[in-house]
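Chain residues, written in single-letter form:
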Amino acid sequence: MRLTRYTDYCLRVLMYVGLKGEELSTIQEVAERYGISRNHLMKVVHQLNKLGYVETVRGKGGGFRLRQAPEDVNLGVLVRSTEEDLMLVECFQAGNDCRIDASCRLKGILGEALAAFLGVLDNYTLQDLLSPRAELARILLFVPPGAKTLPPA
């Protein structure tokens, strides 16, 4: 199983805004911190807003921030909502052309594996990704080691 770059970017954006707490983030700063395309991030943030994960503030001084507490952002739910296609093989699709579909166990085994993969993600939240908080803040937000002020959890 491989997640798309889109879902990867969704997770990274949420980690970044999760670290910043109530402080607004901009697409430009996230793009710079991760070294990824502004254009991709614009689509990602738009979708995260539509899905209710972030709220956006328009205008001068605008940006976006996490809409809910990090412990309320379930990773399994997020992956299911951002991945376009979790069909691992052709036989997962209705009306497929596989000649051995009726007697093949591959579909069931891969279905079980996919369920296990998503089940593990269901056990974690964004809060789990934000640890160790000080180290992530140092890397992503350029907070010096031992700094007294970190964004609020």
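Reference entry: report on the structure contained in this document. As the structure is a prediction and not an experimental result, all values here were calculated from the model. (Residues numbered from 1 in each chain as written. Predicted model: local features only at pLDDT ≥ 70, side-chain atom pairs only at ≥ 80, totals over all residues. Heavy atoms only, no water.)

A word on the overall build of the protein chain. On a plain count of helices and strands, the protein chain comes out with 7 helices and 2 strands. For the protein chain, the N- to C-terminal ordering of α and β elements is α-α-α-β-β-α-α-α-α. Within the protein chain, buried positions represent 38% of all 153 residues. In the protein chain, once contacts between residues fewer than 6 apart in sequence are set aside, the share between residues at least 24 apart is 62%. Counting only carbon and sulfur atoms, one obtains 53% of the accessible surface of the protein chain, whose full area is about 9400 Å². (Helix = DSSP H or I, 4+ residues; strand = E, 2+ residues; numbered from the N terminus. Buried < 20%, exposed > 50% of the residue type's maximum accessible area, 1.4 Å probe, protein only. Contact = heavy atoms within 4.5 Å. Areas by Shrake-Rupley, 256 points an atom, 1.4 Å probe, with all protein chains shown as cover.)

Pairing geometry for strand 1 (residues 54-57) and strand 2 (residues 63-66), over 4 bridges, is antiparallel. Bridge pairing in strand 2 links valine 54 to leucine 66. Hairpin geometry of strand 1 and strand 2 is characterised by an intervening segment of 5 residues between the two adjacent antiparallel strands and by a positive phi of about 95° at glycine 59. (Pairing = 2+ DSSP bridges.)

As a rule of thumb, soluble globular proteins bury nonpolar side chains together. Val13, Leu14, Leu41, Leu48 and Phe64 are the most contacted members of the largest nonpolar core, which totals 36 residues. Of all the secondary-structure elements, those providing two or more residues to this core are helix 1 (5-20), helix 2 (27-34), helix 3 (38-50), strand 2, helix 4 (75-82), helix 5 (106-122) and helix 7 (133-140). If you tally residues by element for this core, the top one is helix 1, at 9 residues. When residues no more than four places from it in sequence are discounted, the contact partners of leucine 48 are Cys10, Val13, Leu14, Tyr53, Val54 and Leu78. (Core = buried A, V, L, I, M, F, W, Y, C linked by side-chain atoms within 4.5 Å.)

Buried within helix 7 are the following residues: Arg133, Leu136, Ala137 and Leu140. Taken down its axis, helix 7 places every buried residue within 100° of arc, on the same side. Looking at the buried residues of helix 7, the elements they touch are helix 1, helix 2 and helix 6 (126-129). Of the residues one or two after helix 7, phenylalanine 142 is the one with positive phi, at around 60°. (Arc of directions from axis to C-beta.)

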